[in-house]
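# Examination of the molecular architecture
Listed below, chain by chain, are the residues.
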Amino acid sequence: MNKTLVIHYKGGIIVLFLITILFTLTRTLILGLILTMGFAVLSGLFNQQKKVIFWFVFMFILTLPIIGARLLSSTDDINAAVSDKSVEQGSNMTFAYRIFHVTERYLYVSKDPKHEFFGIGFIHERDFPKDTFLLGHRNEKYEATQLEQDDVSWSNLFLRYGIFGTVLYMFIFVAFVVAFFKQKTNGINAAAIMFMIMTLILSFASGKFSQADYFLVPMFFFFYIRKSRQDAETKESNVLLSTSDVHKNS
């Protein structure tokens with residue numbers, strides 16, 4: 001796509017992106033967008049902070065009558081998670097359900113110190129004992145999926161990697177964020193940071209964060225940024241050498 005064309009319609013593309021997320025009425029996506037934008041503004045990731053804040057607040061107010069009720073329903077989920085009837089209410093893929101999902105997996109590995117520290121590893125679904133866990137997606141036989149689930153990332157992390165593996169996993173995550181923050185005002189760096197923050201928030205409602213290929217996108221960002229920086233330094237060095245040669249010849 002023509003770069004000039006993209007820059008010309010940049011505002012419209014961003015508005016379309018925001019509408020796409022807000023109109024999904026997916027609470028985690030909407031809250032993730034709000035928190036990510038808030039973090040980006042507080043961290044100074046945008047070159048035109050006031051303009052970004054204005055358009056984001058404008059879009060949010062414009063869609064508030066539609067998404068407001070959906071966001072307020074989050075309080076019902078939180079109340080359900082701590083109520084006496086929370087187990088029954090938590091069966092509908094809600095916040096309560098995910099809390100129980102993570103708790104059930106962690107309690108399982110905590111029975112064995114080795115599993116609690118290192119996890120159970122990459123055992124295949126068919127090799128894992130059936131009916132170990134009560135919570136999970138139902139297969140064609142109406143059996144709860146034991147391992148291969150996409151409800152919440154922290155169940156996978158604690159179960160597969162244990163406490164040590166989860167801490168190491170988050171250390172790698174933080175290392176990428178710190179690396180991107182070194183030049184946070186660069187557009188690509190800012191996009192990478194926002195991707196990392198958004199996916200961290202979505203980890204509480206999706207299993208993507210815990211999948212083995214999650215770090216492919218941050219790695220792509222990292223090597224692209226490093227290659228761009230090396231090319232810029234090489235170009236600057238060549239310009240300096242050319243200028244030096246001109247002065248010598250004159």
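Read on for a plain summary of the structure. (Residues numbered from 1 in each chain as written. Predicted model: local features only at pLDDT ≥ 70, side-chain atom pairs only at ≥ 80, totals over all residues. Heavy atoms only, no water.)

## A closer look at the overall build of the protein chain
Of the regular secondary structure elements, the protein chain holds 11 helices and zero strands. Counting from the amino terminus, helix and strand elements in the protein chain follow one another as α-α-α-α-α-α-α-α-α-α-α. Across the 250 residues that make up the protein chain, the buried fraction comes to 34%. Counted over contacts in the protein chain with a minimum sequence separation of 6, partners at least 24 positions apart contribute 62%. (Helix = DSSP H or I, 4+ residues; strand = E, 2+ residues; numbered from the N terminus. Buried < 20%, exposed > 50% of the residue type's maximum accessible area, 1.4 Å probe, protein only. Contact = heavy atoms within 4.5 Å.)

## Description of the side chain of R160
Here R160 is to be found in helix α9 (residues 153-181). Judged by its relative accessible area of 12%, R160 falls in the buried class. Engagement of the side chain of R160 in a polar contact is seen with the backbone oxygen of I123, the distance being 2.7 Å. Those residues in contact with R160 that lie beyond four places of it in its chain are F118, G119, I120, G121, F122, I123, L147 and E148. (Polar contact = N/O pair within 3.5 Å; in protein donor to acceptor, adjacent residues only side chain to side chain.)

## Comments concerning α9
Taking 1.5 Å per residue, 29 residues should reach 42 Å; α9 reaches only 25 Å between its end C-alpha atoms and comes up short. By the largest-angle criterion, Y161 marks the main kink of α9, which is about 115 degrees. (Expected span 1.5 Å × (residues − 1). Bend = angle between axes of the 7 residues up to and from the residue.)

## A few points about the nonpolar core
Side chains of a nonpolar character, in soluble globular proteins, are inclined to be buried together. By size, the foremost hydrophobic cluster in this structure holds 35 residues, and its most contacted members are L33, Y169, F173, F180, M196, F209 and Y214. Those elements that provide at least two residues to this core are α2 (10-22), α3 (27-42), α4 (49-72), α9, α10 (187-202) and α11 (216-249). Sort the elements by how many residues they give to this core and α9 lands first, with nine residues. Those residues in contact with F209 that sit more than four places away from it in its chain are S153, L157, Y169, M170, F173, T199, L200, S203 and Y214. Ranked by size, the runner-up nonpolar core spans six residues in total, among them V109, I120, F133 and L147. (Core = buried A, V, L, I, M, F, W, Y, C linked by side-chain atoms within 4.5 Å.)

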